[in-house]
Amino acid sequence: MKHNHYTLLFLLILAPLCAMGMSQSNKALLRQLDHELELTHEHELKKEMRIEQLKHQAQLASSPEERYWYLRKVLDEYSVYDSDSAQAYGREALSVAQALKRADLTNDIRLLNAYAMAAAGLLEQSRAQWEAVDTTVLDSLSYSTYLDQKVYQTTHENQYRDMMATPSKQAAKVKRTLQTLADTACPTHPDYWYYQAYNSLITGDSVPQVLAALEPVLATRAYDSRQDARLAWASLKSTHRSAMRRIISVTSSSRPWPMPAPPTMTSHQSRSWQPSYKKRAT
């Protein structure tokens, strides 16, 4: 117990020192994010104005395809903002795409519908939209978006359904999909750098290199879109992981005492100790 107290004290002293190593650009980013949070009400008013303008433009559209794109923009604005409205406009946009007999537009709106539904916790409906996508006609950019939704779907199923029976299988599925995304995503994809940062965060590979590459990218972002928000999240999580690794590395190399070994259980103890939960019915 005494050793644990020393370890905690050492970490509390070392953490601020590691934080001092944060680059000026990251500090500026945090200040900007704090400022944006103070303007939340103003952002909401602007968002409502944008939505009303898009609805009006959809009504005045000169063709079904033009109407589709305005409806899609309305759905995108309502995603993670107003789930009921998002579903309503998602259904309307899907109906227009199917009436046009455009597989590319149908796939596109199904993926966006799946995202909005998963964000609202409607996982069964989200999976139905995602699984209905015709992957045989997806181009490279759309296929990256499809894999992105697969990761989003799987992680949300873990969170909402508490799939603790097979955590390793779910984690392996996410890791494989992220690796495929990082390897195959085109640099022109709007979420390319998010895929790189998220993959390094999960796998633990090349985090410093990815962070170094991200700094000039983050400096050019306006942080007014979902893509920018996701990129900022992945960047901050990667920065946190990198800092914690440095703390653990310094702590391990400077520890003056040996780490205590885990307690050894007898065969009888290991058989008698069981987790206090019942296996879920499948």
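This is a predicted model, so every value here is computed, not measured.

Conventions we followed
- Residues numbered from 1 in each chain as written.
- Predicted model: local features only at pLDDT ≥ 70, side-chain atom pairs only at ≥ 80, totals over all residues.
- Heavy atoms only, no water.
- Helix = DSSP H or I, 4+ residues; strand = E, 2+ residues; numbered from the N terminus.
- Buried < 20%, exposed > 50% of the residue type's maximum accessible area, 1.4 Å probe, protein only.
- Contact = heavy atoms within 4.5 Å.
- Areas by Shrake-Rupley, 256 points an atom, 1.4 Å probe, with all protein chains shown as cover.
- Salt bridge = Lys/Arg side-chain N within 4 Å of Asp/Glu carboxyl O.
- Axes fitted to C-alpha atoms, helices over the stretch in contact; angles between N-to-C directions.
- Parallel < 35°, antiparallel > 145°, perpendicular 65-115°, else oblique.
- Left-handed = near helix turned anticlockwise from the far one by under 90°.
- pLDDT = per-residue confidence, 0-100.

A. Spatial organisation of the overall build of the chain. Within the chain one finds 13 helices and zero strands. Going residue by residue from the N terminus, the α and β elements of the chain occur as α-α-α-α-α-α-α-α-α-α-α-α-α. In the chain, which comprises 282 residues, the share counted as buried stands at 33%. Summarising the internal contacts of the chain: among those between residues at least 6 apart in sequence, 62% fall at separations of at least 24. As displayed, the chain offers around 17600 Å² of accessible surface, 57% of which is attributable to carbon and sulfur atoms.

B. Quick look at the pattern of salt bridges. One pass over the structure, following the stated rule, counts nine salt bridges. With its nearest N and O atoms 3.6 Å apart, the salt bridge here joins Glu52 to Lys55. In this pair, Glu52 and Lys55 are both assigned in helix H3 (residues 40–59), three residues apart and thus about one turn of the helix distant. Taking the shortest distance from any N to any O, the salt bridge between Arg102 and Glu65 comes out at 3.2 Å.

C. Structural view of the packing of H3 against helix H4 (residues 64–78). Remark: H3 packs on H4, axes separated minimally by 8 Å, with the N-to-C direction vectors making an angle of 160°. With respect to H4, the element H3 is oriented roughly antiparallel. Between H3 and H4 lies a crossing of left-handed hand. Together, Lys47, Arg50, Ile51, Leu54, Lys55, Gln57, Ala58 and Gln59 of H3 and Arg67, Tyr70, Leu71, Lys73, Val74, Glu77 and Tyr78 of H4 make up the contact between the two elements.

D. Looking closely at the confidence of the model for the chain. In this model, the chain carries a mean pLDDT of 75, and residues with pLDDT of at least 70 account for 67%. Throughout residues 1–6 the model reports pLDDT below 50, and contacts reaching past four residues in sequence, or to other chains, amount to two contacts. A low-confidence stretch, residues 8–15 stays under pLDDT 50, and its non-local contacts, those more than four residues away or across chains, total nine contacts.

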